[in-house]
Amino acid sequence: MAVLLFHLRNVPEEEAEEVRQLLDEHGLETFETRAGFWGLGVAAIWLRDPHELARARALIDTYQQALGERVRREHDALAERGEAPTLWRRLARQPIRTLLFALLAAAVLALSLLPFLWLAG
């Protein structure tokens, strides 16, 4: 019976493709399921042979550790050059979007607190 190996929900396509290639290079038989139109299914990579689970997990864990280190190095390099994304840079780059999100947050806060303000008054 197949065993769930790797969830694909919220995984960038580049990372998912690298995982697929890694598993294929090591001769592990897998298949994928999609979440479907309504998102009710499980988007995942499944391992056909449950006896290979430990080896497959070790490969994926090693890959993800290397990926995390690579991403940290890239972020550190951006930070050294002063190009790392920060809150202020995002605000300056997208002021209208930021304003809309701030207004949306204020509206949600107002709607949440309004019943309590009416009760207190």
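For the structure itself, consult the block above.
Remember, predicted model here, so these are calculated numbers, not experimental data. Just so you know, the residues in each chain are numbered from 1, in the order the chain's sequence is written. Whole-chain, interface and lining totals are the exception, using all residues; otherwise, since this is a predicted model, local features are given only for residues with pLDDT of at least 70 and side-chain atom pairs are given and counted only at 80 or more. Side-chain numbers here rest on the full set of heavy atoms in the structure, without hydrogens or water.

Peer 1: Summarise the overall build of the protein chain; cite the residues concerned and give the values.
Peer 2: Secondary structure elements are taken from DSSP: a helix is a run of H or I of four residues or more, a strand is a run of E of two residues or more, and numbering for both begins at the N terminus. The helix and strand tally for the protein chain stands at four helices and three strands. N-terminal to C-terminal, the α/β element order of the protein chain is β-α-β-β-α-α-α. Put simply, the radius of gyration uses C-alpha atoms, and a globule should come to 2.2 Å times the residue count raised to 0.38. A globule of 121 residues ought to have a C-alpha radius of gyration of about 14 Å, yet the protein chain, at 22 Å, is considerably larger. When the backbone C-alpha atoms are referred to their principal axes, the protein chain occupies close to 65 × 45 × 25 Å. Only protein chains enter the accessibility calculation, which uses a 1.4 Å probe. A residue is then buried if its area is under 20% of the maximum for its type, exposed if over 50%, and partly exposed in between. Within the protein chain, buried positions represent 17% of all 121 residues. Taking all contacts inside the protein chain whose residues are at least 6 apart in sequence as the whole, residues at least 24 apart take part in 57%. Summing over all exposed atoms, the protein chain offers an accessible surface of approximately 9,500 Å²; the carbon and sulfur share of this is 63%. Here, two residues are considered to be in contact whenever any of their heavy atoms come within 4.5 Å of each other. Each accessible area is a Shrake-Rupley estimate made with a 1.4 Å probe; only the visible protein chains count as cover when residues are assessed.

Peer 1: Please set out the environment of arginine 34 residue by residue, giving values where relevant.
Peer 2: Counting through the fold element by element, arginine 34 comes out in the loop between strand S2 (30-33) and strand S3 (44-47). For arginine 34, a relative accessible area of 60% corresponds to the exposed category. Sequence spacing of arginine 34 and proline 85 is 51 residues, and the spatial spacing of their C-alpha atoms is 32 Å. Excluding its chain neighbours within four sequence positions, the residues that come into contact with arginine 34 are Leu8, Arg20, Gly41, Val42 and Ala43. At 3.2 Å, the side chain of arginine 34 forms a polar contact with the side chain of glutamate 32. A 3.5 Å cut-off defines polar contacts: any pair of N or O atoms within that distance qualifies, except that in protein one atom must be a possible hydrogen donor and the other a possible acceptor, and neighbouring residues in sequence count only when both atoms are side-chain atoms.

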